[in-house]
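Structural features, examined
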Amino acid sequence: MPSERSPEGPSTQPLSADDRFAITDVIQRYGRAVDLGEFALFDATFTADAELDYRAAGGPCGGRAEIRAWLMQSRAGILGWQHHLSPPRVERRDGRVHASTDVYTPNLLRGEHGETLLLHTGGRYHDELVATPEGWRIQRRRYENVWAHGPGVGGAIPDPFAQR
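Not measured: the values here are computed from a predicted model.

Reading the values: rules and limits
- Residues numbered from 1 in each chain as written.
- Predicted model: local features only at pLDDT ≥ 70, side-chain atom pairs only at ≥ 80, totals over all residues.
- Heavy atoms only, no water.
- Helix = DSSP H or I, 4+ residues; strand = E, 2+ residues; numbered from the N terminus.
- Expected span 1.5 Å × (residues − 1).
- Buried < 20%, exposed > 50% of the residue type's maximum accessible area, 1.4 Å probe, protein only.
- Arc of directions from axis to C-beta.
- Contact = heavy atoms within 4.5 Å.
- Polar contact = N/O pair within 3.5 Å; in protein donor to acceptor, adjacent residues only side chain to side chain.
- Patch = residues over 30% accessible without salt bridge, like charges linked within 9 Å, V, L, I, M, F, W, Y side chains within 5 Å.
- Areas by Shrake-Rupley, 256 points an atom, 1.4 Å probe, with all protein chains shown as cover.
- Salt bridge = Lys/Arg side-chain N within 4 Å of Asp/Glu carboxyl O.

**Points about helix H2 (residues 64-76)**
Here H2 is 13 residues long and its end C-alpha atoms lie 19 Å apart, about the 18 Å a rise of 1.5 Å per residue gives. Along H2, the positions that sit buried rather than exposed are Arg64, Ile67, Trp70 and Leu71. Mapping the buried residues of H2 onto a view down its axis gives an arc of 130 degrees, with all of them on the same face. Those residues of H2 that are exposed and aimed more than 90 degrees away from the buried face are Ala65, Gln73 and Ala76.

Written out as structure tokens, the structure is:
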């Protein structure tokens, strides 16, 4: 549960340790939801009106249901993936709570001859979070594709170096 003072406090008031742990938990919950296909956890990760931008990963920009559907479809073509998340950098800025979390995601794919291929992706989640009666939730997320290497880069996964 978010602390009593943080969500309503002045924009310069530091977040409590409890708030920081809860924010880290909600960011980690997302990784569990998509890695294990536990998409019911999406509702406990994002607000109902969340604005999510996954265009840098070859996905859509839209709401929670649209991103859930895209991720479920993406999982169908992947043998496995695993989100490795850094501890988020959390700050209160402009009266809002922002988090930036680095992510490394290895993706196992099946090649055209049955071989197992490995696609490596590295990125960053830029989140804006809000305290709700149910706890902290992500209200806005933008995925930044920092690097990618392996099969699918430049196709299913945009090549971040082609845009530099």
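**Focus on the environment of asparagine 145**
One can find asparagine 145 in strand S8 (residues 135-149). On a C-alpha basis, the gap between asparagine 145 and phenylalanine 161 in space is 9.5 Å, while along the polypeptide they are 16 residues apart. When residues no more than four places from it in sequence are discounted, the contact partners of asparagine 145 are Ala56, Gly122, Ile157, Pro158 and Pro160. Of the polar contacts made by the side chain of asparagine 145, one reaches the backbone oxygen of proline 158; its length is 2.9 Å.

**Comments concerning a nonpolar patch on the surface**
On the surface, a nonpolar cluster with roughly 240 Å² of combined accessible area is contributed by Leu79, Leu108 and Leu118. With respect to the secondary-structure elements, leucine 118 resides in strand S7 (residues 116-132). By relative accessible area, which is 37% here, leucine 118 ends up partly exposed.

Geometric values such as these leave the question of function open.
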